[in-house]
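Read off the chains here:
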Amino acid sequence: MGPSFGEAAARLCSAASVLLGWRPDEFWGATPAELALALQAPTPTGEPVDVATIDDLRRRFPDE
């Protein structure tokens, strides 16, 4: 027999807190699908960003 609902929820709430910075109300307000998506590793899509695009972004949004 697996963990109880309470044990599983506590483990997931802890993971969401540590990995996502979520507070308990954010965890309990999320749907299971939102939690799964938030914990999923990002996957690359599209083409890599070229140097010209990065330079343009740096000009438009300087770190100063």
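Structure shown above.
Keep in mind that this is a model prediction, so the values were computed, not measured.

1. Overview of the overall build of the protein chain
When its secondary structure is counted, the protein chain shows 4 helices and 0 strands. Going residue by residue from the N terminus, the α and β elements of the protein chain occur as α-α-α-α. Computed over the C-alpha atoms, the radius of gyration of the protein chain is 18 Å, more than 25% above the 11 Å expected from 2.2 N^0.38 for a compact globule of 64 residues. In terms of overall dimensions, the protein chain has a C-alpha envelope of 55 × 30 × 15 Å along the principal axes. Scored against the burial criterion, the 64 residues of the protein chain give a buried share of 8%. With an accessible surface of roughly 5,700 Å², the protein chain has 60% of that area assigned to carbon and sulfur atoms. In the protein chain, which carries 5 positive and 10 negative side-chain charges, the distance between the mean positions of the two groups comes to 3 Å.

2. A few points about the packing of helix α1 (residues 5-20) against helix α3 (residues 32-39)
Following both chains from N to C, one finds α1 and α3 inclined at 45°, their axes separated by 11 Å at the closest point. Our classification of the angle between α1 and α3 gives oblique. Here α1 and α3 pass one another in a crossing that is left-handed. Contacts between α1 and α3 involve Leu12, Ala16, Leu19 and Leu20 from the former and Leu35, Ala38 and Leu39 from the latter.

3. Quick word on the environment of Gly46
For Gly46, the position within the fold is in the loop between α3 and α4 (51-60). Residues Gly46 and Ser17, spaced 29 residues apart in sequence, show a C-alpha to C-alpha distance of 30 Å.

4. Quick word on α1
Counting along an α-helix, one turn takes 3.6 residues, and residues three or four places apart therefore face a common direction. Given a rise of 1.5 Å per residue, 16 residues ought to cover 22 Å, and the 21 Å separating the end C-alpha atoms of α1 matches this to within 8%. Taken together, the buried positions of α1 are occupied by Ala9, Cys13 and Ala16. Projected down its long axis, α1 carries its buried residues within an arc of 60°, all on one side. More than 90 degrees from the buried face of α1, the exposed residues found are Arg11, Val18 and Leu19.

Reading guide: rules and limits
- The numbering scheme is per chain: residues are counted from 1 as the chain's sequence reads.
- Reporting of local features is limited, given that this is a predicted model, to residues whose pLDDT is at least 70; pairs of side-chain atoms are given and counted only at 80 or more, and all residues count toward the totals for whole chains, interfaces and linings.
- In computing side-chain properties, one takes all heavy atoms of the structure into account and sets aside hydrogens as well as water.
- Each helix is a run of H or I in the DSSP string that is no shorter than four residues. Each strand is a run of E no shorter than two, and both are numbered from the N terminus.
- When we talk radius of gyration, it's over C-alpha atoms, and the globule rule is simply 2.2 Å times the number of residues to the 0.38.
- To sort residues, take the accessible area from a 1.4 Å probe on protein chains only and compare it with the maximum for the residue type: under 20% means buried, over 50% means exposed, and anything in between is partly exposed.
- Computed by Shrake-Rupley with a 1.4 Å probe, the accessible areas treat only the displayed protein chains as cover when residues are assessed.
- We score Asp and Glu as negative and Lys and Arg as positive, and we do not count His or the chain ends.
- A charge is said to be at NZ when it belongs to Lys, at CZ for Arg, at CG for Asp and at CD for Glu.
- Here the axes come from fitting lines to C-alpha atoms, over the contacting stretch only for helices, and the angles between their N-to-C directions go from 0 to 180 degrees.
- For classification, angles of less than 35 degrees are called roughly parallel, those exceeding 145 degrees roughly antiparallel, those between 65 and 115 degrees roughly perpendicular, and all remaining angles oblique.
- We call a crossing left-handed when the near helix sits turned anticlockwise from the far one by less than a right angle, and right-handed when that turn is clockwise.
- Any two residues having at least one pair of non-hydrogen atoms within 4.5 Å are treated as being in contact.
- Expected span, for any helix, means 1.5 Å times one less than how many residues it has.
- As used here, the arc belongs to the directions running from the helix axis to the C-beta atoms.

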